[in-house]
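# Analysis of the macromolecular model
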Amino acid sequence: MTKARNILFIMFDQLRWDYLSCYGHPHLHTPNIDRLAARGVRFTRAYIQSPICGSSRMSTYTGRYVQSHGASWNGIPLKVGEQTMGDHLRKAGMDCWLVGKTHMRADAEGMARLGLEPDSLIGARVAECGFDVFERDDGMRPEGPDGFYDPDGAKAYNVYLNEKGYESDNPWHDFANSGLDADGNVLSGWFLKNASKAANIAEEDSETPYLTTRGMDFMETHDGPWCCHLSYIKPHWPYIVPEPYASMYGPGHVLPPNRSEAERATAHPVLRAFMHNKIGQTFWRQDVREAVIPAYMGLIKQADDQIGRLLDWMEQTGRMADTMIVLTSDHGDFLGDHWMGEKTFFHDASTRVPLIIYDPSEQADATRGTTCDALIESIDLAPSFVEVADGTVADHILEGHSLLPILHGTASETPRDFVICEYDYSASPIAETLGVSVRDAAMFMVATKKWKLIHCEGGFRPILFDLENDPDELFDLGESVEHSDIVDELYAYLFDWARRPSQRTTRSVEQLVEMRTKSRGKGVVLGTFDENDAPSELTVKYRGRSARPYRDLTGKG
């Protein structure tokens, strides 16, 4: 029987769920991603666990909520001891490799405390989020007066560009992420007005084709079973793309923003702070949207073409027959919707992501080309991968649910009634704007298919959206007396989630059940008044024993 032997886990960065034609975008046609959807299952209610790169990815890689793994913002290390999908898969006999981005920061202090050397095998895996690294490329090499944001960012890619003749001390910026004027001046992609320019690089040398090639290099040189995390950098900012994609879309392809004046005028205090930060106010402007969104669409179109290149190669080499392909994103992008830019709030533009899974196994034949509206979380991928590897899911550690029953047509829903997303903004200037403490700079989203509640610490009222009657999330019902019962119901879900035993990770359910009676055979006899009140086989070591008085032995007394 045909079965997935390998897993190609593709993640894009900042790809909105509704900017693909298979998810309904009217202008952006993505036939290759659509082709994958036609051969697999397209999930329509897939949610991330945090609306920011680092913590979202750490949830996906660990299979655990942010509150569980603790890496709650970019640059906050994943603490030593947190197991990742690499740890779980290797235990099941499957290698786990990285090609591209993780945005993971290693817990250097924890590693030093435990004597884990970064250049040792186990130390390297701990420092790289459990992956063996074929090539890590977080794609970020901006430079300011205080130095580089990430000194290791785009390291191999910059060497590649230099060898190709792109002369610069930082070709990632000067060529791949900037335009050029007639006088040879670099037009930095960091300035949004330059988003309409073409990146000054041959298309085949830009970041997305480069990583596609590296993914194929990996598959060509590695025997399975393996999980390869092909993690693309785009369409994350800087928003700039080379030709021919720079000219494919224009202002006429920019959809009207999903927002209203009433929404801004009556915004919840925390939401208002996000609307009024620099990024939000920049994306209020239509000229900004008309510069940025065509470039964003061009980056996605290029990504789709590279998926086509990848799928064609996998078909030609026979790898489609034994490789599961998973395509998703780490979060979305507001692009001016709800008066915001970036991704750091809880509307669907940010927290809902595309998720398409192609399973080559015969069990998945019945679900090919279907859609599924079950409530899915990114933490569901890790247990799904363990099941593909024929491993035992450590469900006392992994907090998600395997999606194989849905892929194989034996289930249509997950066991959950709600999804959770978290955001810790204590390290963000927003916390200072709102005047909240580090303790109170935290928010939680709990959503069902019908309702979405946002709870903000610090004494703020809740935000509530009716997803059935207001799918655009424009009308906040958090103060509505008529909806107080709904608010209470969703808070009960949040309270139920908060009480889960997420840190009980050193013993499985089976081990805990066994421990209930295990000590009985080890001589621990509690609450027994008379020896005849206990089973004789458990007290055999205490019966028929004799000893001399201690005075005879010690001469004391």
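Described in the following lines is the structure provided in the data block.

Quick notes on the rules
Residues numbered from 1 in each chain as written. Predicted model: local features only at pLDDT ≥ 70, side-chain atom pairs only at ≥ 80, totals over all residues. Heavy atoms only, no water. Helix = DSSP H or I, 4+ residues; strand = E, 2+ residues; numbered from the N terminus. Buried < 20%, exposed > 50% of the residue type's maximum accessible area, 1.4 Å probe, protein only. Contact = heavy atoms within 4.5 Å. Expected span 1.5 Å × (residues − 1). Arc of directions from axis to C-beta. Salt bridge = Lys/Arg side-chain N within 4 Å of Asp/Glu carboxyl O. Pairing = 2+ DSSP bridges. Axes fitted to C-alpha atoms, helices over the stretch in contact; angles between N-to-C directions.

## Section: unusual backbone geometry
- Cis peptide bonds are those with omega within 30 degrees of zero, and the linkage from Gly224 to Pro225 qualifies with 0°.
- Looking at where Pro225 falls in the secondary structure, it is placed in the loop between α9 (207-221) and β9 (226-235).
- The amide bond that connects Lys234 to the next residue, Pro235, takes the cis arrangement and shows omega of 10°.
- With respect to the helices and strands, Pro235 occurs in strand β9.
- Phi is positive for His338, close to 55°, though the residue is something other than glycine.

## Description of the environment of Asp119
- Along the polypeptide, Asp119 turns up in the loop between α5 (108-114) and α6 (121-127).
- For Asp119, a relative accessible area of 72% corresponds to the exposed category.

## Brief notes about the environment of Asp337
- By secondary structure assignment, the location of Asp337 is in the loop between β10 (323-329) and α14 (348-351).
- Distance in space between the C-alpha atoms of Asp337 and Arg259 is 5.6 Å, their sequence separation being 78 residues.
- Aside from chain neighbours lying at most four places away, what touches Asp337 is Arg16, Pro257, Asn258, Arg289 and Ala349.

## A short note on helix α18 (residues 484-498)
- Relative to the 21 Å expected for 15 residues at 1.5 Å per residue, α18 spans 21 Å between its end C-alpha atoms, a close match to the ideal helical length.
- Here α18 has its buried residues at Ile486, Val487, Leu490, Leu494 and Trp497. Burial along α18 is one-sided: seen end-on, the buried residues are contained in an arc of 100°. The outward face of α18, more than 90 degrees from its buried face, is lined by the exposed residues Asp485, Asp488 and Phe495.
- Among the structural elements, α3 (66-69), β14 (419-424), β15 (442-447), β16 (451-456) and β17 (463-466) are those in contact with the buried residues of α18.

## Observations concerning the pattern of salt bridges
- Under the defined criterion, the tally for this structure stands at 39 salt bridges.
- For Arg16, the salt bridge identified is with Asp18, shortest N-O distance 2.9 Å.
- Where Asp476 meets Arg461, a salt bridge forms, and the shortest distance between an N and an O atom there is 2.9 Å. Here Arg461 lies in the loop between β16 and β17 and Asp476 lies in the loop between β17 and α18, a separation of 15 residues in the sequence.
- When its relative accessible area of 29% is taken as the criterion, Asp476 is described as partly exposed.
- Residue classification places Arg461 among the partly exposed positions, given a relative accessible area of 21%.

## Some remarks on the sheet that holds β16
- Pairing is antiparallel across the open sheet formed by four strands, whose spatial order is β14-β15-β16-β17. Among the strands making up the open sheet, the edge pair consists of β14 and β17. Between one strand and the next, the sheet's axes are offset by a mean angle of 15°, whatever the strand orientation.
- Pairing geometry for β15 and β16, over five bridges, is antiparallel. Opposite Met445, over in β16, you have Ile454 as the bridge partner.
- The strands touched by α18 within the sheet are β14, β15, β16 and β17, with β16 carrying the most contacts at an inclination of about 65°.

## What to know about the pairing of β9
- In terms of burial, β9 is largely enclosed, as 10 of its 10 residues are buried.
- One ladder, built from six bridges, connects strand β1 (residues 6-13) with β9; its direction is parallel. The residue bridging Met11 from the neighbouring strand is Ser231, located in β9.
- The pairing of strand β3 (residues 95-100) with β9 spans six bridges and is classified as parallel. Residue Leu98 lies in a different strand from β9, and its bridge partner there is His229.

Note that every value here comes from positions in space, so none of it alone points to a role or purpose.
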